[in-house]
Amino acid sequence: MICSDPTTTEAWGALTRHRAGMAGVTLRSLFEQDPGRFDDLSWSVAGLTIDLSKQRLSDETLPLLLDLAKVMDIEGHRAALYAGEKVNVTEDRAALHVALRDPTDRAYPVDGDDVSVQIKSARGQMLGFAEQVISGQRTGCNGQRFDRVINIGIGGSDLGPRSAVTALADHTVPNLTVDFVATVDSTALQDALATATAERTLFVVASKSFTTRETMTNAGYARQWLVDALGESAMADHFVAVTAASGVAEAFGVSADAVFPMWDWVGGRYSVCSAIGFSVALACGPDVFERILSGAHAMDRHFETAPLDQNLPVLMGLISIWNQDFWRTAALAVLPYDHRLRLLPDHFQQLMMESNGKGVRADGEDVSFRTAPIVFGGSGAESQHSFMQQIHQSPTVVPVEFIVALDGRDEVDRDILIVNAFAQSEALMRGLPADEIAEGSDKNIIAHKACPGNRQSTTILLESLTPETFGALIALYEHRTFVEGTLWGLNPFDQWGVEFGKVLASSLLADLAAGNADAGLDSSTKGLLNAYLATRSERPL
Ligand code: F6P
């Protein structure tokens, strides 16, 4: 029988007892007892090396965690994912992002249709279009080459492609700048338009639903800007849409041959390898886009075929549960040590928090354990000079994932960068007890200098930051997110929790249009709305 509540399993009970037995076991002692700990607990796959040795794992821990993986039927759920079964049970949808990057002839059936055919056709359409823009064969309506792309999208239709273009900055094609506009705060779009020339600007409206208010508001504004400059007929050459709602995009004014499909079986936060990655193909060229797919596919194959005890997404997922539910951590810091990877924490934040930030299991029952951590982060080097103080000394323990690209542009600076990443993980593991603080230190300060240590971290090394390793890294996080959701008995592919806020925002917009707050509103929301209404009435139109 498939188990939906991990806490009812014998494996959970065994882990609870094991955790109690680990209370006095320090990471320092584990390293002292086993000089080969790094070799035992690090693995290399698809250009990534993952070091789990600084996690709080004794010899018994991984076997017990793997028992949980077995009883929660990770293998069965994984097989269902790849088979195109409706694993997104609340929306009755498959989640076939792995099919997007499979270069083989493997069939991926959804409702009896092999979607690999549609995938290849859509990819050919969008990569051909990108090639034509880059080569200058496809131009703006006045025959001028495009030098500017503005991607309008939000959430999964922004963060994946935006972080990819930033990560692969060394691969960008010349003379074509790609900007991303997500927020509905119009200053973002206005800033992008301020340096754009209508004749040479291509807008990409990326929205699976083509109804997201922020995206559609910005798209409408961009359309007006273009039409004011070049007339209505310019829409045919200057707008592309990526969407599962092609009819709505065409009604908006996008020409049919510039609408690239996506499908309800690709979740927004899992969509960077679909046509949602069109802006990546424009920024870096079709070859680089295909190299991202190839790296992601290598990780997909590893996830699908490697035994659980050597399967990196499985091991990372298990360790998340170990930290969240047994060590009672509540957050996860993702720290890339490479300027090019600085936006990854934003992408992974949506991926992990929107997927698994849930309070009910897939079967509709309340959870009785912690689910997704609060994921945050940013450039590691800069974090050391902002929030790392908390991570080193606060009683609130935050596990860290260091992501380190071993190559870079300037070897001298790289040494400083790389050793800082390693020093952070060493410091978190070892700590600095008071009795190790150098003699002669002011006694009053010793307690302030001491660091408790024994704080868990994972380090992921990219042998080189390439399109392939970037793709593998994205796929690694996608799959570990799926593993975590499965272990918790959740559906990692829906996001119902964001809908309520959208409904209330619509109702408040109606209040604004009427010029007064609804009498039934609570006094706080009413007071806030009235404050805004007052400033709005004073503002010149
Ligand atoms: O509101 C949440 C969400 O649906 C995300 O899941 C999604 O990535 C984002 O909005 C954008 O959605 P769309 O691509 O449909 O505009």
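Residues numbered from 1 in each chain as written. Predicted model: local features only at pLDDT ≥ 70, side-chain atom pairs only at ≥ 80, totals over all residues. Heavy atoms only, no water.

**Focus: the site of the ligand**
Threshold: In these notes, residues near a molecule or strand are those with any non-hydrogen atom within 4 Å of it. A 3.5 Å cut-off defines polar contacts: any pair of N or O atoms within that distance qualifies, except that in protein one atom must be a possible hydrogen donor and the other a possible acceptor, and neighbouring residues in sequence count only when both atoms are side-chain atoms. Values of accessible area rely on a 1.4 Å probe in the Shrake-Rupley scheme; residue burial ignores everything except the protein chains shown. Here the nonpolar group is Ala, Val, Leu, Ile, Met, Phe, Trp, Tyr, Cys and Pro; Asp, Glu, Lys and Arg are the charged ones; every other residue, Gly included, is treated as polar.
Lining the immediate surroundings of the ligand are 14 residues, of which Gly156, Ser157, Ser207, Ser209 and Thr212 lie closest. Contact between the ligand and lysine 208: an oxygen atom at 2.8 Å from a main-chain N or O atom of the residue. If the ligand stood free it would expose 390 Å²; the protein chains cover 88% of that surface. Residues that form the shell around the ligand fall into these classes: two nonpolar, eight polar and four charged.

**Digging into a nonpolar patch on the surface**
Filter applied, for reference: By definition, no residue in a patch forms a salt bridge, and every one has over 30% relative accessible area; like charges are joined within 9 Å, nonpolar side chains (Val, Leu, Ile, Met, Phe, Trp, Tyr) within 5 Å. Any Lys or Arg side-chain nitrogen found within 4 Å of a carboxyl oxygen on Asp or Glu counts as a salt bridge. Segments assigned H or I by DSSP are reported as helices when at least four residues long, segments assigned E as strands when at least two residues long, and all are numbered from the N terminus.
On the surface, a cluster of nonpolar side chains totalling about 320 Å² of accessible area is made up of Phe500, Val503 and Leu504. By the element assignment, phenylalanine 500 lies in helix 21 (residues 499-514).

**Digging into the sheet that holds strand 11 (residues 374-377)**
The following threshold applies: We treat two strands as partners when DSSP finds at least two bridges between them. Note on geometry: axes are lines fitted to C-alpha atoms, helical ones only across the stretch in contact, with angles between N-to-C directions running from 0 to 180 degrees.
Strand order in the open sheet formed by six strands is 1-2-13-12-10-11, with mixed pairing between adjacent strands. Of all strands in the sheet, those with a lone pairing partner are strand 1 (42-45) and strand 11, marking the two edges. Within this sheet the neighbouring strands show an average axis-to-axis angle of 15 degrees, counted without direction. With six bridges connecting them, strand 12 (residues 400-405) and strand 13 (residues 457-462) associate as parallel partners. By the bridge assignment, alanine 405 is partnered in strand 13 with leucine 462.

**Things to note about the packing of helix 1 (residues 10-21) against helix 4 (residues 61-71)**
Counted only if it meets this: Note on terminology: angles under 35 degrees are roughly parallel, angles over 145 are roughly antiparallel, angles of 65 to 115 are roughly perpendicular, and the others are oblique. Crossing handedness is read from the near helix: turned anticlockwise from the far helix by less than a right angle, it gives a left-handed crossing, and turned clockwise, a right-handed one. Note on contacts: a residue pair qualifies if any of its non-hydrogen atoms lie within 4.5 Å across the two residues.
Running from amino to carboxyl end, helix 1 crosses helix 4 at an angle of 160 degrees, the nearest separation of the two axes being 9 Å. The orientation of helix 1 with respect to helix 4, classified from their angle, is roughly antiparallel. Crossing hand, helix 1 versus helix 4: left-handed. Taken together, the residues of helix 4 that come into contact with helix 1 (itself represented by Ala11, Trp12, Ala14, Leu15 and His18) are Thr61, Leu64, Leu65, Asp67, Leu68 and Val71. Across the contact of helix 1 with helix 4, the residue classes tally to eight nonpolar, two polar and one charged.

**A word on the pattern of salt bridges**
Applied cut-off: Remark: exposure states derive from per-residue accessible area (1.4 Å probe, protein chains only) relative to the maximum for the residue type, with buried under 20%, exposed over 50%, and partly exposed in between.
With the rule as written, the count across this model stands at 25 salt bridges. Among the ionic pairs, arginine 93 bridges to glutamate 91, the shortest N-O distance being 3.7 Å. For arginine 93, a relative accessible area of 23% gives the class partly exposed. You can call glutamate 91 partly exposed: its relative accessible area is 21%. In this structure, aspartate 300 engages arginine 101 in a salt bridge whose closest nitrogen and oxygen atoms are separated by 2.7 Å. Of the two residues, aspartate 300 is situated in helix 13 (residues 286-305) and arginine 101 in the loop between helix 5 (74-82) and strand 3 (109-110); the sequence distance between them amounts to 199 residues. You can call aspartate 300 buried: its relative accessible area is 2%.

**Describing the pairing of strand 11**
Inclusion rule: For crossovers, right-handed means that the path from the first strand over the helix to the second runs clockwise, given strands pointing away from the viewer.
Relative to strand 11, strand 10 (residues 331-337) runs parallel, the two sharing four bridges. Pairing of alanine 331 across the sheet is with isoleucine 374, part of strand 11. Tracing the backbone out of strand 10, into helix 15 (residues 344-356) and back to the parallel element strand 11 gives a crossover that is right-handed.

**Remarks on the domain arrangement of the chain**
Inclusion rule: Where each domain begins and ends is defined by an automated method or by a domain database.
With domains assigned, the chain is organised as domain 1 (30-94 + 306-435 + 443-488), domain 2 (106-290) and domain 3 (497-538). Here the C-alpha centroids of domain 2 and domain 3 sit 33 Å apart.

**Observations concerning the environment of alanine 80**
When you line up the elements, alanine 80 lands in helix 5. Taking C-alpha positions, alanine 80 is 29 Å from phenylalanine 210, a pair spaced 130 residues apart along the chain. Contact partners of alanine 80, with chain neighbours within four places excluded, come to Glu85 and Val87.

**What about the environment of leucine 176?**
Among the secondary structure elements, leucine 176 is positioned in the loop between helix 7 (159-167) and strand 6 (177-181). Residues leucine 176 and serine 457, spaced 281 residues apart in sequence, show a C-alpha to C-alpha distance of 39 Å.

**Observations regarding the packing of helix 1 against helix 14 (residues 312-326)**
At their nearest, the axes of helix 1 and helix 14 sit 11 Å apart, and the two run at 65 degrees to each other. Judged by the inter-axis angle, helix 1 sits roughly perpendicular to helix 14. Along this stretch, helix 1 crosses helix 14, giving a crossing that reads as right-handed. Contacts between helix 1 and helix 14 involve Trp12, Leu15, Thr16, His18 and Arg19 from the first element and Ile321, Trp322, Asp325 and Phe326 from the second. Here the residues of the contact of helix 1 with helix 14 sort into five nonpolar, two polar and two charged.

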